[in-house]
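What follows is the residue order along each chain.
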Amino acid sequence: MSETILNEPQTLEINFGPQHPSTHGVFRMRAVLDGETIRGLKLVIGYLHRNHEQIAENLTYPGVFAYTDRLDYLNSMQNNFGYALAAEKLAGITVPERAEYIRVIMAELARIVNHLLLVGFLLNDLGAFFTPCLYAVRERERILDIFEDVSGSRMMCNYFRFGGVKNDLTENQLGEIRKVVSRLPAFLDEFEALLSKNEILCMRCQNVGGLPKDLAVNAGITGPMLRASGINYDIRKTDRYSIYDRFDFKVPLGQKGDVYDRYYVRILEMRESVKIVEQAIAGIPRGEFLNAKTLPLLRNPRLFKPAAGEAYGRIESPKGELGYYLVSDGTPQPWRYHVRAPSLINLTVLEEMCVGQKIADAIVILGSIDIVLGETDR
Amino acid sequence: MDTQISEVKTQLETGLPDVKLRTIGNSILLENPEDLVRAAFFLKEAPAFRLDYLSSITAADYLDYLESVYHLYSMEKKTGPIVLRVRVKREAPRVPSLVPVYRSADLQEREAYDTFGIVYEGHPDLRRLFLWEGFEGYPLRKDYRQEDTDVLEIADIEWLEKHGVNVPEKFKTQARELAAAGKRALSEKPAQPRN
Amino acid sequence: MNHIENKSRIDPELRDEMAKQNIFITSLDFIYNWGRRSSVWPMQFGLACCAIEMIAAAAARYDIARFGAELFRASPRQADLMIVAGTVTKKMTPNVVRLYNQMAEPKYVLAMGACAISGGPFIDGYNVLRGIDRFIPVDVYVPGCPPRPEALLYGLMELQKKIDSQTFTKAEWYQKGLKREFPVPELGPNGLIPKFNPEIWQPREQDARKTRYGQTVLTGKKQKAPRLEPVAVPPPPAA
């Protein structure tokens with residue numbers, strides 16, 4: 001073999017997925033490799049494109065709730081929340097005080113569930129196969145028990161309604177939530193003792209997949225990923241939707257925007273969520289849990305006919321900004337229904353973050369973005 | 001009308017006098033889609049607004065025209081949303097791409113192209129996002145007709161026979177009848193809306 | 001699911017009695033099936049929501065390891081059982097069928113959740129396959145949206161019963177001319193080509209859903225667009 005052939009740069013194109021153990025579902029990417037270094041990366045998605053928007057445009061407004069559960073199937077409560085906000089904005093429905101508190105409690109519990117699973121799966125991708133994940137899933141099951149108790153389903157809660165929630169919380173259930181939540185700080189301490197200062201985790205995560213500030217803003221990155229890059233933008237603080245302005249919580253920020261920062265921001269967010277839930281349980285007033293005007297909708301959803309107009313409601317979901325855009329034409333079905341999915345838009349910068357890194361790091365970077373294919377592809 | 005929207009409108013009118021616009025509800029409609037990039041760039045740079053974050057791009061079908069709706073926020077000032085919209089003809093719809101101004105438009109414009117067929121001119125890599133290359137039609141347009149997945153067509157029969165699958169005679173006759181009538185197996189009966 | 005009990009010719013009481021004396025007598029069928037059913041290795045293959053419940057089933061509380069099925073293999077070559085957990089879209093179908101073809105005999109398929117069985121809540125979608133049994137044969141159906149981990153475990157136990165009922169001498173994977181690789185469908189201009197494999201699945205004669213609800217959702221049902229501006233003048237579309 002001559003010298004020239006040996007010295008030529010050789011690139012190799014590699015395909016990941018859609019069936020791959022660490023792509024978090026049916027995600028697929030095509031990487032161009034030079035040795036082990038990534039030179040280019042293209043994502044191919046749509047393997048779970050199940051026509052959420054088309055189906056929703058043929059359903060009644062309350063009927064869409066059950067489908068929003070299946071968008072980001074790790075935290076259905078948050079998806080319900082965003083959709084409820086958008087539709088309530090469209091129709092001008094008010095929500096009673098007690099329902100707002102219940103909503104916040106459920107949404108924050110869902111955030112904890114999501115971050116727990118994310119950290120577990122991220123460690124799976126790092127090679128700590130299933131040990132941290134088992135601890136995370138153990139805590140998750142306790143929270144899912146609460147969800148099942150209040151809504152009837154473990155994962156697909158379908159708990160929110162226009163103008164409130166489906167069921168009231170009993171004192172017993174509130175006590176259960178308090179009990180589960182009070183365990184969490186100790187669990188997180190234990191979890192962090194296992195992970196946060198772990199040599200291997202630090203080596204694999206620090207200075208990997210950095211995301212500069214200006215690119216993060218320009219590419220519309222939201223959620224913990226944006227805050228890990230050091231930008232203080234939390235929709236719970238800026239929009240003050242629902243009753244988030246009544247709670248005292250901090251917004252954790254990262255510095256470098258690498259994988260470790262993204263991991264650590266999520267750990268800190270769980271601690272803040274615990275604080276919010278504790279404050280909400282302490283402050284929950286007595287009263288109605290559903291706006292009395294929307295009671296007929298439970299029996300006959302076709303009565304929900306908002307006047308022609310549009311509304312955009314957004315929340316800070318655990319993945320980022322989850323927005324719902326609704327156009328009504330005065331009939332029981334929405335004319336246009338669009339979901340602004342954080343999982344999809346956060347993938348915009350995947351190539352920039354991966355190029356120049358090693359191939360094993362690409363998996364970790366993907367894991368730290370926190371995508372759920374149900375939401376990415378819809 | 002929001003105060004912020006009216007402020008944006010007056011600023012736009014003074015800053016870019018040749019851009020024609022009017023307000024619809026709480027949004028600003030740019031009469032000429034070609035002005036979109038200039039308007040977006042102006043709003044991003046204007047010190048009064050600093051709309052540096054494009055949250056969402058939504059395409060919609062209004063039967064007479066297609067629409068592309070942009071929700072802009074400011075991360076720096078924590079304000080928003082400012083809604084911009086442009087309208088284009090259903091036939092050969094063309095909207096300038098916002099990717100040069102906002103990277104976040106990248107995947108969202110591909111999504112809108114995939115489902116509505118709006119061509120975003122200047123997009124670096126405008127391909128179908130969710131569906132595959134070779135898919136015909138734009139499924140979220142109001143005139144899209146789905147196939148009937150229970151009836152085999154002549155292409156299916158040919159494919160199955162090529163791969164050595166025994167096809168019962170009833171499917172073959174059904175497919176031949178369809179082909180002779182020059183029809184595709186489409187969903188005939190519209191579904192009742194369910195609750 | 002139809003299956004027959006494994007009829008061993010040894011009296012089970014006698015066998016248990018002898019086992020106490022450390023004498024083990026068994027039939028080849030029994031020990032063969034005992035080995036196979038106690039180590040069903042599923043493929044690590046999650047499609048959608050149900051995959052999360054599958055992970056929950058593998059985790060501490062439900063512990064699928066009690067049934068010998070905790071070894072989720074990433075490679076189809078090493079797996080016995082394919083748990084189709086989640087919505088199979090048309091774009092994903094060729095991959096699922098190819099994975100099934102790559103699995104070594106004997107192989108089983110468990111359709112987990114409403115979507116994998118029939119399309120489930122997403123049956124109306126233009127990109128959703130209405131049941132994986134249109135292309136590959138399914139052994140166990142586990143309904144639910146998503147099924148609870150207990151339901152998945154029950155499905156696994158049903159599969160073990162099916163494995164028990166198969167005899168060594170008549171095992172189909174040792175027979176000549178066995179056709180257990182199915183042609184991989186292609187992506188066509190409107191959906192899949194072919195729409196289903198008539199050797200495995202055929203549409204029902206009477207389809208209650210079709211007559212009662214209509215066949216698919218028509219996006220173009222509405223004929224009048226909403227007017228967002230209160231002005232009466234219709235807006236002319238810009239060039």
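Worth saying up front: this structure is predicted, and the values here are computed from it rather than measured.

Definitions and cut-offs
- Along each chain, residue indices are assigned from 1 in the same order as the chain's sequence is written.
- Labels are handed out in written order, letters beginning with A for the chains and numbers beginning with 1 for the ligands.
- pLDDT decides what is reported in this predicted model: residues at 70 or higher carry local features, side-chain atom pairs at 80 or more are listed and counted, and totals for whole chains, interfaces and linings draw on all residues regardless.
- Working from all heavy atoms in the structure, the side-chain values ignore hydrogens and water.
- Every helix listed is a DSSP run of H or I at least four residues long, and every strand listed is a run of E at least two residues long, numbered separately from the N terminus.
- C-alpha atoms define the radius of gyration, and 2.2 Å times the number of residues to the power 0.38 defines the globule rule.
- Residue contacts follow a heavy-atom distance rule, with two residues in contact if any of their heavy atoms lie within 4.5 Å.
- We get accessible surface area from the Shrake-Rupley algorithm with a probe of 1.4 Å; when it comes to residues, only the shown protein chains can shield them.
- Asp and Glu count as negative and Lys and Arg as positive, but His and the ends of the chain are not part of the count.
- Here the site of a charge means atom NZ of a Lys, CZ of an Arg, CG of an Asp or CD of a Glu.
- We define buried area as the total accessible area lost by two parts upon association, computed with a 1.4 Å probe and summed across both.
- As used in this structure description, the phrase polar contact means that two N or O atoms lie within 3.5 Å; if the pair is within protein, one of them must be able to donate a hydrogen and the other to accept it, and residues adjacent in sequence are counted only when both atoms belong to side chains.
- Three categories are distinguished: nonpolar for Ala, Val, Leu, Ile, Met, Phe, Trp, Tyr, Cys and Pro, charged for Asp, Glu, Lys and Arg, and polar for the others, with Gly belonging to the last.
- Here pLDDT means the predictor's own confidence in every residue, given as a number from 0 to 100.
- Surface patches are drawn from residues lacking salt bridges whose relative accessible area is over 30%; two like charges belong together within 9 Å, two nonpolar side chains (Val, Leu, Ile, Met, Phe, Trp, Tyr) within 5 Å.
- We define a salt bridge as a contact between a side-chain nitrogen of Lys or Arg and a carboxyl oxygen of Asp or Glu at a distance within 4 Å.
- Each residue gets one of three labels from its accessible area relative to the maximum for its type: buried under 20%, exposed over 50%, partly exposed in between, using a 1.4 Å probe on protein chains only.
- Interaxial angle, 0 to 180 degrees, is taken between N-to-C directions of lines fitted to C-alpha atoms, where a helix line uses only the stretch in contact.
- Roughly parallel means an angle under 35 degrees; roughly antiparallel means over 145; roughly perpendicular covers 65 to 115; every other angle is labelled oblique.
- It is the rotation of the near helix from the far one that decides the hand of a crossing: anticlockwise by less than a right angle makes it left-handed, clockwise makes it right-handed.
- Only buried Ala, Val, Leu, Ile, Met, Phe, Trp, Tyr and Cys residues count toward a nonpolar core, and they belong to the same one when joined by side-chain atoms within 4.5 Å.
- The criterion for an aromatic pair is that two Phe, Tyr or Trp rings (for Trp, the six-membered ring) have centres within 6.5 Å, with stacked assigned to planes under 30 degrees apart, edge-to-face to planes over 60 apart and tilted to the rest.
- To obtain the arc, one takes the directions from the helix axis to the C-beta atoms.
- In this scheme, strands are said to pair when DSSP sees at least two bridges between them.

Peer 1: Can you walk me through the overall build of chain A in this structure?
Peer 2: Secondary structure summary: chain A contains 17 helices and eight strands in total. Since a compact globule built from 378 residues should have a radius of gyration of about 21 Å, the 22 Å found for chain A is in line with a globular shape. For chain A, the C-alpha atoms occupy an extent of roughly 85 × 45 × 35 Å along the three principal directions. Long-range contacts, defined as pairs at least 24 residues apart, comprise 72% of the intrachain contacts of chain A with a sequence gap of at least 6. As presented, chain A carries roughly 12400 Å² of accessible surface, and 51% of it is formed by carbon and sulfur atoms. Distance between charge centres in chain A, computed from 44 positive and 47 negative side chains, equals 4 Å.

Peer 1: Where do I start with the interface of chain C and chain A in this structure?
Peer 2: One frequently used descriptor of interface size is the decrease in accessible area upon assembly of the parts. On the chain A side, the residues contacting the 43 residues of chain C number 45 residues. Interface area, chain C with chain A, both sides summed: about 3800 Å², of which 62% is carbon and sulfur. For the pair chain C and chain A, the number of links is 15 residue pairs in polar contact (both at pLDDT 80 or more). Elements supplying a minimum of two residues to the side of chain C that touches chain A: α3 (49–58) and α4 (93–102) of chain C. With five residues, α3(C) is the largest single contributor of residues to the side of chain C that touches chain A. In the side of chain C that touches chain A, the residues fall into 26 nonpolar, eight polar and nine charged.

Peer 1: Help me understand the confidence of the model for chain B, please; the structure alone is not making it clear to me.
Peer 2: Detailed reading of predicted coordinates is not advised where the pLDDT is low. Of all residues in chain B, 94% attain a pLDDT of 70 or more, and the chain-wide mean is 84. Reported confidence for the predicted complex is 0.87 by ipTM and 0.88 by pTM.

Peer 1: Quick question: what am I supposed to make of a nonpolar patch on the surface here?
Peer 2: Residue and element names in this part refer to chain C. A cluster of nonpolar side chains, namely L28, I31 and W34, defines an oily patch on the protein surface of about 320 Å² accessible area. You can see L28 is positioned in helix α2 (residues 28–37). Of the residues examined, L28 reaches a relative accessible area of 55% and is grouped as exposed.

Peer 1: For this particular structure, what's the right way to read unusual backbone geometry?
Peer 2: Most peptide bonds take the trans form, and the phi angle of most residues other than glycine is negative. Residues and elements named next belong to chain C. At the junction of C145 and P146, the peptide bond is cis and its omega measures out at -10 degrees in the coordinates. Position of P146 among the secondary structure elements: in the loop between β3 (140–142) and α6 (149–165). The step from I193 to P194 runs through a cis peptide bond, and the omega angle for that step is -5 degrees. Its place among the elements puts P194 in the loop between β5 (192–193) and α7 (208–213).

Peer 1: Could you clarify how one ought to interpret the packing of helix α5 (residues 97–126) of chain A against helix α6 (residues 131–151) of chain A in this entry?
Peer 2: The geometry of a pair of packed helices is captured by two quantities: the angle between their axes and the separation between those axes. Residue and element names in this part refer to chain A. One can describe the packing of α5 onto α6 by two numbers: an axis separation of 9 Å at closest approach and a directional angle of 155 degrees. The angle between α5 and α6 places the two elements in the roughly antiparallel class. Where α5 crosses over α6, the handedness of that crossing is left-handed. Judged by residue contacts, M106, L109, A110, I112, V113, L116, L117, G120, F121, L123 and N124 of α5 engage P132, C133, A136, V137, E139, R140, I143, I146, F147 and V150 from α6. Of the residues that constitute the contact of α5 with α6, the class distribution is 17 nonpolar, two polar and two charged.

Peer 1: Honestly, the nonpolar core in this entry has me stumped. Any pointers?
Peer 2: Grouped burial of nonpolar side chains is what soluble globular proteins tend to show. Judged by nonpolar contacts, the single largest core of 179 residues is most densely connected at A:M106, A:L109 and A:L350. Other than its neighbours up to four places away in sequence, A:L109 contacts A:I143, A:I146, A:F147, A:I177, A:V181 and A:V277. Of all hydrophobic cores here, the second largest spans 41 residues; its members include B:L21, B:L30, B:L51 and B:L66.

Peer 1: Could you clarify how one ought to interpret the environment of A:Q19 in this entry?
Peer 2: You can see A:Q19 is positioned in the loop between β1 (12–16) and β2 (28–34). Relative accessible area serves as the criterion here: at 18%, A:Q19 is assigned to the buried category. Placed 118 residues apart in sequence, A:Q19 and A:V137 show a C-alpha to C-alpha distance of 23 Å. Filtering out sequence-adjacent residues up to four positions away, A:Q19 remains in contact with C:M43, C:Q44, C:F45, C:A74 and C:L99. In terms of polar contacts, A:Q19 uses its side chain to reach the backbone carbonyl oxygen of C:Q44, at 3.0 Å. Here the side chain of A:Q19 touches C:A74 through a polar contact of 3.3 Å, landing on its backbone oxygen.

Peer 1: How do you make sense of the packing of aromatic side chains when you look at a structure like this?
Peer 2: Each pair of aromatic rings is reported with the distance of its centres and the angle of its planes. Within the structure shown, the criterion is met by 31 aromatic pairs over all chains. Between A:F81 and A:Y241 the ring centres are 5.6 Å apart and the planes differ by 80 degrees, which places this aromatic pair in the edge-to-face class. Residue A:F81 is located in helix α4 (residues 76–91), and its partner A:Y241 is located in the loop between α11 (235–238) and α12 (259–283); the two are separated by 160 residues in the primary sequence. For the ring pair B:F171 and C:F196, a centre distance of 5.5 Å and an interplane angle of 70 degrees mean the geometry is edge-to-face.

Peer 1: It is not clear to me how helix α4 (residues 154–162) of chain B should be interpreted in this structure. Could you clarify?
Peer 2: Helical geometry: 3.6 residues make up each α-helical turn, so side chains three or four residues apart lie on a common side. Every buried residue of α4(B) is accounted for by B:D156, B:I157, B:W159 and B:L160. All buried residues of α4(B) project into a common sector of 165 degrees when viewed along the axis, lining one side. In this structure, α4(B) carries B:E158 and B:K162 as exposed residues pointing more than 90 degrees from its buried face. Buried-residue contacts for α4(B) involve α5 (169–180) of chain B together with β4 (186–187) and β5 of chain C. Once α4(B) ends, the next one or two residues include B:G164, with phi positive near 75 degrees.

Peer 1: Help me understand the pairing of strand β2 (residues 27–30) of chain B in this model?
Peer 2: Working note: regular strand, side chains alternate between the two faces of the sheet. All names here are of chain B. Of the two faces of β2, the one holding S27 and L29 and the one holding I28 and L30 are both buried throughout. With four bridges joining them, strand β1 (residues 21–24) and β2 adopt antiparallel strand pairing. Considered in β2, the bridge of L21 is made with L30. Counting the residues in the hairpin turn of β1 and β2 gives two residues, including G25, whose phi is positive at 55 degrees.

Peer 1: Just checking my understanding: could you explain the sheet that holds strand β8 (residues 334–340) of chain A for this structure?
Peer 2: Hydrogen bonds between backbone atoms are what pair the strands of a sheet, whose relative direction is either parallel or antiparallel. All names here are of chain A. What the three strands build is an open sheet, ordered β6-β7-β8; its pairing is antiparallel. Of all strands in the sheet, those with a lone pairing partner are β6 (309–317) and β8, marking the two edges. Taken over all neighbouring pairs, the strand axes of this sheet differ in orientation by 10 degrees on average, direction set aside. For β6 and strand β7 (residues 320–328), the ladder comprises nine bridges, and the chain directions are antiparallel. Paired with G313 across the bridge in β7 is Y324.

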